[in-house]
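Letter by letter, the chains look like this.
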Amino acid sequence: MAWFQKEIHLEARSRGFHLVTREITQQIPDLSKIKVGIAHIFIMHTSASLTINENADPDVRVDMESHFSKFVPERAPYYQHTLEGDDDMPAHIKSSLLGSSLSIPVRQGRFYMGTWQGIYLCEHRNHGGGRKLIITINGEKE
Amino acid sequence: MAWFQKEIHLEARSRGFHLVTREITQQIPDLSKIKVGIAHIFIMHTSASLTINENADPDVRVDMESHFSKFVPERAPYYQHTLEGDDDMPAHIKSSLLGSSLSIPVRQGRFYMGTWQGIYLCEHRNHGGGRKLIITINGEKE
Amino acid sequence: MAWFQKEIHLEARSRGFHLVTREITQQIPDLSKIKVGIAHIFIMHTSASLTINENADPDVRVDMESHFSKFVPERAPYYQHTLEGDDDMPAHIKSSLLGSSLSIPVRQGRFYMGTWQGIYLCEHRNHGGGRKLIITINGEKE
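The written sequence of each chain sets the order in which its residues are numbered from 1. Think of it this way: whatever chain is written first is A, whatever ligand is written first is 1, and the rest follow in order. Reporting in this predicted model follows two pLDDT cut-offs: at least 70 for local features of residues, and 80 or more for side-chain atom pairs to be given and counted; totals over whole chains, interfaces and linings ignore these cut-offs and use all residues. Only hydrogens and water are removed before side-chain values are computed, so all heavy atoms of the structure are retained for them.

1. Quick word on the overall build of chain A
Only runs of H or I of at least four residues qualify as helices and only runs of E of at least two qualify as strands under DSSP, and these elements are numbered from the N terminus. Of regular secondary structure, chain A possesses three helices and eight strands. Along chain A, from the amino end to the carboxyl end, the secondary structure elements read β-β-α-β-β-α-α-β-β-β-β. Compactness check: chain A gives a C-alpha radius of gyration of 16 Å against a globular reference of 14 Å for 142 residues, within 12% of the reference. Taking the principal axes of its C-alpha atoms as reference, chain A extends roughly 55 × 30 × 20 Å. Counting only residues that meet the buried cut, chain A has 63% of its 142 residues in that class. Between two residues, a contact is recorded if the distance between any of their heavy atoms is within 4.5 Å. Pairs at least 24 residues apart make up 82% of the contacts formed inside chain A by residues separated by at least 6 positions. This count recognises Lys and Arg as positive and Asp and Glu as negative, with His and chain-terminal groups excluded. Taken as the charge centre is NZ of Lys, CZ of Arg, CG of Asp or CD of Glu, depending on the residue. Side-chain charges in chain A split into 16 positive and 17 negative, and the spacing between the mean points of these groups amounts to 6 Å. It is over C-alpha atoms that the radius of gyration is taken, and the globule rule equals 2.2 Å times the number of residues to the power 0.38. Throughout this description, buried means an accessible area under 20% of the type-specific maximum (1.4 Å probe, protein chains only), exposed means over 50%, and partly exposed covers the range between.

2. Let's talk about the sheet that holds strand β3 (residues 34–43) of chain C
All names here are of chain C. If you trace the five strands from one edge of the open sheet to the other, you get β1-β8-β3-β5-β6, paired in antiparallel fashion. The sheet terminates laterally at β1 (2–10) and β6 (110–111), the two strands that pair on one side only. As defined by bridge partners, β3 adjoins strand β5 (residues 101–107) across seven bridges and the pair is classed as antiparallel. In the strand pairing of β5, isoleucine 41 is matched with leucine 102. The rule for pairing is simple: two strands pair if DSSP sees at least two bridges between them.

3. Some words on the relation of the copies chain A and chain B
Mapping chain A onto chain B calls for a screw motion: a turn of 120° about the axis and a shift of 0.0 Å along it, with 0.0 Å RMSD after fitting. Seen this way, the second copy is the image of the first under a three-fold rotation axis. Within chain A, leucine 97 of chain A has its C-alpha nearest the rotation axis, a separation of 3.5 Å. Overlaid copies result from least-squares superposition on C-alpha atoms, with residues included only where pLDDT is at least 70 in both.

4. Quick notes on unusual backbone geometry
Despite not being glycine, glutamine 108 of chain A has its phi angle at roughly 50°, a positive value. Here arginine 75 of chain C, not a glycine, exhibits a phi torsion of approximately 55°, which is positive. Examined against the element boundaries, arginine 75 of chain C turns out to sit in the loop between α2 (59–71) and α3 (88–98). You can call arginine 75 of chain C exposed: its relative accessible area is 61%.

5. Considerations on the relation of the copies chain B and chain C
In the superposition of chain B on chain C (RMSD 0.0 Å, axial shift 0.0 Å), the rotation amounts to 120°. The two copies present different faces, since only 15% of the interface residues in chain B are matched by interface residues at the equivalent positions in chain C.

6. Considering the packing of aromatic side chains
All names here are of chain A. Classification of ring pairs rests on two measures: the distance between centres of Phe, Tyr or Trp rings, Trp counted by its six-membered ring, which must be within 6.5 Å, and the angle between planes, read as stacked under 30 degrees, edge-to-face over 60 and tilted in between. Per the counting criterion, the structure on display carries 12 aromatic pairs over all chains. Pairing tyrosine 78 with tyrosine 79 gives two aromatic rings, centres 5.2 Å apart and planes at 80°, and the pair type is edge-to-face. Just as tyrosine 78 is buried, tyrosine 79 falls in that class too. Chaining the aromatic ring pairs together yields one cluster made of Phe17, Phe68 and Tyr120.

7. Description of the interface of chain B and chain C
Contact residues are listed per partner, giving 34 residues for chain B and 30 residues for chain C. Of the roughly 2,700 Å² buried between chain B and chain C on both sides combined, carbon and sulfur atoms contribute 60%. Put simply, buried area is how much 1.4 Å-probe accessible surface two parts lose in total, over both of them, once they are put together. The largest contributions to the chain B side of the interface with chain C come from Asp63, His67 and Tyr112 of chain B, which together make up 21% of the buried area. Basic side-chain nitrogens of Lys or Arg form a salt bridge, by our definition, when they fall within 4 Å of a carboxyl oxygen of Asp or Glu. On inspection of chain B and its partner chain C, the count reaches zero salt bridges. Think of a polar contact as two N or O atoms within 3.5 Å of one another; within protein, one of them needs to be a possible hydrogen donor and the other a possible acceptor, and neighboring residues in sequence only count if both atoms come from side chains. For the pair chain B and chain C, the interface holds 14 residue pairs in polar contact (both at pLDDT 80 or more). At the level of secondary structure, the elements contributing two or more residues to the side of chain B that touches chain C comprise β3 (34–43), β4 (48–54), α2 (59–71), α3 (88–98), β5 (101–107) and β8 (131–141) of chain B. No other element matches α2 of chain B, which puts 10 residues into the side of chain B that touches chain C.

8. Some remarks on the interface of chain A and chain B
The interface of chain A with chain B comprises 34 residues on the first partner and 30 residues on the second. Interface area, chain A with chain B, both sides summed: about 2,700 Å², of which 60% is carbon and sulfur. It is Asp63, His67 and Tyr112 of chain A in chain A that bury the most area against chain B; as a group they hold 20% of the surface buried on that side. In this structure, the connection of chain A to chain B is made through zero salt bridges. Those elements that place two or more of their residues in the side of chain A that touches chain B are β3 (34–43), β4 (48–54), α2 (59–71), α3 (88–98), β5 (101–107) and β8 (131–141) of chain A. The element contributing the most residues to the side of chain A that touches chain B is α2 of chain A, with 10 residues. Looking at the side of chain A that touches chain B residue by residue, the classes come out as 17 nonpolar, 10 polar and seven charged. The classification used treats Ala, Val, Leu, Ile, Met, Phe, Trp, Tyr, Cys and Pro as nonpolar, Asp, Glu, Lys and Arg as charged, and all other residues, Gly among them, as polar.

9. Comments concerning the pairing of β4 of chain B
Along any regular strand, the residues point their side chains to alternate faces of the sheet. Residues and elements named next belong to chain B. Burial analysis of β4 places seven of its seven residues in the buried class, which makes it a mostly covered element. By the bridge criterion, seven bridges tie β4 to strand β7 (residues 117–123) in an arrangement that is antiparallel. Looking across to β7, one finds that asparagine 53 is bridged to glycine 118.

10. Structural notes on a nonpolar patch on the surface
Patch criteria: residues need more than 30% relative accessible area and no salt bridge. Like-charged residues are merged within 9 Å; nonpolar side chains of Val, Leu, Ile, Met, Phe, Trp and Tyr are merged within 5 Å. Surface exposure here means Shrake-Rupley accessible area, sampled with a 1.4 Å probe, where a residue is shielded only by the protein chains that are shown. Residues Met1 of chain A, Met1 of chain B together with Met1 of chain C make up a contiguous nonpolar surface patch of about 270 Å² in total accessible area. Mapped onto the secondary structure, methionine 1 of chain A falls in the segment before β1 (2–10). Judged by relative accessible area, which is 41%, methionine 1 of chain A ranks as partly exposed.

11. Examining the pattern of salt bridges
Pairing between side chains of opposite charge can happen when the charged atoms of each approach one another. All names here are of chain A. Evaluation of the coordinates by the stated rule reveals 27 salt bridges over all chains. Between arginine 13 and glutamate 23 there is a salt bridge whose closest N-O contact spans 2.4 Å. In this pair, arginine 13 is assigned in the loop between β1 and β2 (16–19) and glutamate 23 in helix α1 (residues 21–25), connecting sequence segments 10 residues apart. For arginine 13, a relative accessible area of 18% puts it in the buried group. Linked by salt bridges that have partners in common, Arg15, Glu65 and Glu74 make up one network.

12. Remarks on the sheet that holds strand β1 (residues 2–10) of chain B
Residue and element names in this part refer to chain B. Here we have five strands laid out as an open sheet, ordered β1-β8-β3-β5-β6, and antiparallel in their pairing. Whereas interior strands pair on both sides, the edge strands pair on one side only; in this sheet they are β1 and β6 (110–111). As judged from the nine bridges shared by β1 and β8, these two strands associate in the antiparallel manner. By the bridge assignment for β8, alanine 2 is matched with glycine 139.

From the geometry alone we can't say anything about function, so treat these as descriptive.
See the structure below:
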């Protein structure tokens, strides 16, 4: 039985949805030691989020950004939290809609996901900067 | 301490929200061996999702489908990912809104949920076919 | 290695989004014994939910309630589940949008979250009453 926990950093990205599976796995070599378990990925921010979606056609990521920015509008007349910029309150709402963590099954040292699944960083700010994640892996060692 | 991990199959269902608590528990007899722990249920697809909601009145499932299909419309003018059918891009968005996994407390060999809670398979495609889940259970044995 | 599991109670609150980090941590003294692990927080209801968002400006919570009540309207013409009140079916939808559980990293006896992150109880009913949570903590002891 083993626990690994590590804070990692994702580089700054533009507003939108970004495939980051590889950027994450490259920073957690301990994943390869786990035979069966769960990897938990947690983002330490309230204006960016994490989700799992299609890892193939990049148009999916473009359409996700279009949809969420339409249905969580900027400058809604009812917003009171406006001092941090037009993109800030929508970013908080999107963060709760999409969620701040993922739990992914681990098997034979790898994420045990479907063929078409990848991890998205959902950057909801125009200039969010780098993002910090806490990775916690628990499982049986090889 | 024990880890169980198993890939299970849910039969094909029509587009909509479906109560699948029993179909899942019937396929994981090892659940009964866990005194205290967590069961993690992960769907290996990006056009169907999992959620917990009311297990009683079937109208709740009908209304969920009505709501999500209205607020995540087909043929939105901004969609670029359109080659896989009108229901495909909305399915990806709904999948991220609802989420691809659940973590449920386990106690005395059973899911430790509220009286009115059940597990929904949210099938977002018109013809999604059967769906694969990975069940990972971790806990203390009886 | 240790497992703690406990049912706790949150006091009744008005409809809206409420910061409850302290009300939760005060009821789980065993958290302080965990060096590294995961805390899982599960709400046993289908008309209230849990999310992580900004713990500072209370206007964020007000705007969350405004947004979700606009985009998940009461008395939508397509609702069939109407006998339990105008706020009931929207509460079920919001509950699935936001989610019924959180998994939070634990480090040195505390939730390992970002500086600005807190736990929200999202109360979707007008008169929801007190709410029950199951807290499950798994990790290595100090």
